[in-house]
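Single-letter residue listing:
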Amino acid sequence: QITAMFLAIVFAFLVQTHLIRIWQIYILSALLGIVNTLDLPAQQAFIGDLSGMENVRKAVVINGAIVQVSRMAGPALAGWIIGALGVAPAFWINGISFIAVIASLLAISSTQVIHPHKGKPLKEFVDGLRFVKNNPIIMDLMLLTLILTFFAFSIMQIMPAITTEVLHGRAEVLGFLMGASGAGALAGSTLIVPMTHKVKRLGLLSAIAVLWGGFWFVIFSLSRNVYISMASMFLSALLMPIIFATTNGLIQVTAPSHMRARILSTLLIVAFGVQPIASLFIGYTAYRIGSATAILLNGILMIFGALTLLLSRTELRTWEAKVTTPNPA
């Protein structure tokens, strides 16, 4: 987090002094990607250490809700700050905000089980892939996560183009669209995901969630009205937390403690590692066929991918997860 704060402050300084160039953004983005590679697996595995395995699914839901609050409030606030104060102050506030995160991490105390490192990270990573391959439930959810992150998350990369070219808005409109997406995901995390604890066929439910998101992205791509677009973004994100909460929660409770971090690393590779490729894909298609048509294509491919899995993998339609009743708070 300290390194990420340093990168954010460098970015703010370059913007403030008008020295920013595209190659600098590439370098800073690559360095932040390396930081996230180290941070995210440890962060997710640490959830179990903090909550204990008996409460890990509830902790995953709470963590997801916090992430969605930031997705909802952050872009809307950034849009307002950029519109009122300019771009540079938004970057400075982003850099300073890391202080609160660092302070909270320093204040945390938890009980951890430390496993000795064998010095063979590649073998350990392969062991993690083997575990996923031999667990059809996690494999199905990984594939759905891949479809979702490749075709849904990449849409956010061209949202500025949609704002200006299609909806003819400015930074405030972009903030409203991103905030609507975050609000939908927050509603899904806090209201819908807890209800899925009573659902047995989580694979079928997760596939339906991908189909739902793809449908609303198709509607969004056809909209030329800000309010319809905001509603579409809200609804497209409503069921997405089901997939991430279900996959993360099942990994936390089914993977052996010495395997948990490496399985979560595999999940994060699927969830975040493919995003640069996905961004290149949607960026190129948006350049060739237009931003709205590119989103339409992604929505159709999401629907096609989920239907293909439903038809080709019988287990996805039939496997049932063990239902656990959350302990009362």
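Computed from a predicted structure; not experimentally measured.

Parameters and conventions
Residues numbered from 1 in each chain as written. Predicted model: local features only at pLDDT ≥ 70, side-chain atom pairs only at ≥ 80, totals over all residues. Heavy atoms only, no water. Salt bridge = Lys/Arg side-chain N within 4 Å of Asp/Glu carboxyl O. Helix = DSSP H or I, 4+ residues; strand = E, 2+ residues; numbered from the N terminus. Buried < 20%, exposed > 50% of the residue type's maximum accessible area, 1.4 Å probe, protein only. Core = buried A, V, L, I, M, F, W, Y, C linked by side-chain atoms within 4.5 Å. Contact = heavy atoms within 4.5 Å. Patch = residues over 30% accessible without salt bridge, like charges linked within 9 Å, V, L, I, M, F, W, Y side chains within 5 Å. Areas by Shrake-Rupley, 256 points an atom, 1.4 Å probe, with all protein chains shown as cover. Axes fitted to C-alpha atoms, helices over the stretch in contact; angles between N-to-C directions. Left-handed = near helix turned anticlockwise from the far one by under 90°. Nonpolar A, V, L, I, M, F, W, Y, C, P; charged D, E, K, R; others polar. Phe/Tyr/Trp six-rings, centres within 6.5 Å; stacked < 30°, edge-to-face > 60°.

Points about the pattern of salt bridges
No. 1: Under the criterion given, the structure shown has 1 salt bridge.
No. 2: Note that D140 and R313 form a salt bridge whose closest N and O atoms lie 2.4 Å from each other. With D140 in helix α6 (residues 136-151) and R313 in the loop between α14 (291-312) and α15 (314-318), this pair connects stretches of sequence that are 173 residues apart.
No. 3: Note on D140: relative accessible area 1%, which makes it buried.
No. 4: For R313, a relative accessible area of 22% gives the class partly exposed.

What to know about the nonpolar core
No. 1: Among the nonpolar cores identified, the biggest contains 50 residues, and M159, I162, F217, M233 and M302 are the most heavily contacted of them.
No. 2: Looking at this core element by element, the count peaks at 7 residues for α14.
No. 3: Those residues in contact with I162 that sit more than four places away from it in its chain are L167, F220, S291, A292 and I295.
No. 4: The next biggest cluster of nonpolar side chains, apart from the first, holds 12 residues, and it includes A4, M5, L7 and I102.

Some details on a nonpolar patch on the surface
No. 1: On the surface, I22, W23, Y26, I27, L31, I34 and L38 cluster together to form a nonpolar patch covering roughly 800 Å² of accessible area.
No. 2: With respect to the helices and strands, I22 occurs in helix α2 (residues 22-51).
No. 3: Judged by its relative accessible area of 53%, I22 is exposed.

Describing the packing of helix α8 (residues 171-192) against helix α10 (residues 226-238)
No. 1: Packing of α8 against α10 leaves a shortest axis separation of 7 Å and a crossing angle of 30°. Seen along the crossing, α8 lies across α10 with a hand that is right-handed. Between α8, through V173, F176, L177, A180, S181, A183, G184, A185, A187, G188 and I192, and α10, the contact on the second element is made entirely by V226, S229, M230, M233, F234, A237 and L238.
No. 2: Tallied by class, the residues present in the contact of α8 with α10 amount to 14 nonpolar, 4 polar and no charged.

Focus: the packing of aromatic side chains
No. 1: A full pass over the atoms with the stated rule returns 6 aromatic pairs.
No. 2: Summarising the aromatic geometry, the rings of F151 and F281 are spaced 6.5 Å apart at their centres and angled 80° between planes, so their arrangement reads as edge-to-face. On the criterion of sequence distance, the pair formed by F151 in helix α6 and F281 in helix α13 (residues 275-289) is long-range, its members being 130 residues apart.
No. 3: Owing to a relative accessible area of 16%, F151 belongs among the buried residues under this scheme.
No. 4: Through a chain of ring-to-ring contacts, the aromatic side chains of F150, F151 and F281 assemble into a single cluster.

The values are spatial; any link to function lies outside them.
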